[in-house]
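If you want the building blocks of each chain, they are given just below.
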Amino acid sequence: MAALSSPLRVCRGILKELRAIQGTSYKQSLAYNYVMDQFRKNEITGERYCRAQQEALHFSNTYLCLLTSTRNHLVLHNLYHGKGERRPEEVAGLVGLRLPSQPGGKGWEK
């Protein structure tokens with residue numbers, strides 16, 4: 001199992017993702033209030049080992065991974081999403097090929 005990062009780093013990462021989604025007004029959102037309440041509620045106590053705290057940290061890491069992966073998916077989707085019918089030259093360029101400039105050509109001469 002991978003080592004969990006610190007709660008402060010996870011909290012900052014979640015807030016960064018919320019800021020990316022909602023813009024500068026993210027502090028007025030319900031998601032911001034909920035995340036901050038949960039992190040305040042599960043702060044480190046005087047106990048040596050708190051299962052609930054470790055569980056909350058695991059859930060927060062999972063939520064951060066979900067937010068980051070969703071943002072990356074949307075970026076890739078917008079980059080590669082089909083825009084209708086494309087010309088053969090554009091399709092060949094997407095995969096790193098060039099079409100021949102004349103019939104019977106090798107494709108590399110201009």
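Owing to the predicted nature of the structure, the values given are computational and were not obtained by experimental measurement. (Residues numbered from 1 in each chain as written. Predicted model: local features only at pLDDT ≥ 70, side-chain atom pairs only at ≥ 80, totals over all residues. Heavy atoms only, no water.)

A. Representation of the packing of helix α1 (residues 7-22) against helix α2 (residues 30-41). Packing of α1 against α2 leaves a shortest axis separation of 11 Å and a crossing angle of 175°. The angle between α1 and α2 places the two elements in the roughly antiparallel class. Between α1 and α2, the residues in contact are Pro7, Val10, Cys11, Ile14, Leu15 and Leu18 and Ala31, Tyr32, Val35, Met36 and Phe39, respectively. Split into classes, the residues belonging to the contact of α1 with α2 amount to 11 nonpolar, no polar and no charged. (Axes fitted to C-alpha atoms, helices over the stretch in contact; angles between N-to-C directions. Helix = DSSP H or I, 4+ residues; strand = E, 2+ residues; numbered from the N terminus. Parallel < 35°, antiparallel > 145°, perpendicular 65-115°, else oblique. Contact = heavy atoms within 4.5 Å. Nonpolar A, V, L, I, M, F, W, Y, C, P; charged D, E, K, R; others polar.)

B. Representation of the side chain of Glu17 within the structure. Looking at where Glu17 falls in the secondary structure, it is placed in helix α1. Discounting chain neighbours no more than four positions away, the residues touching Glu17 are Leu64, Leu67, Thr68 and Arg71.

C. The packing of aromatic side chains, seen in detail. Counted under the stated rule, the structure contains 1 aromatic pair. Ring centres of Tyr26 and Tyr32 lie 5.6 Å apart, and the angle between their planes is 85°; on these two criteria the pair is classed as edge-to-face. Residues Tyr26 and Tyr32 agree in their burial class; the two are buried. (Phe/Tyr/Trp six-rings, centres within 6.5 Å; stacked < 30°, edge-to-face > 60°. Buried < 20%, exposed > 50% of the residue type's maximum accessible area, 1.4 Å probe, protein only.)

D. Up close: α2. Spanning 12 residues, α2 covers 16 Å between terminal C-alpha atoms, matching the ideal 16 Å at 1.5 Å per step. Those residues of α2 that fall on the buried side of the exposure criterion are Tyr32, Val35, Met36 and Phe39. The arc that holds every buried residue of α2, seen down its axis, measures 95°, which confines them to one face. Turned more than 90 degrees away from the buried face of α2, the exposed residues are Leu30, Tyr34 and Lys41. Considering only its buried residues, α2 is in contact with α1 and α3 (51-80). (Expected span 1.5 Å × (residues − 1). Arc of directions from axis to C-beta.)

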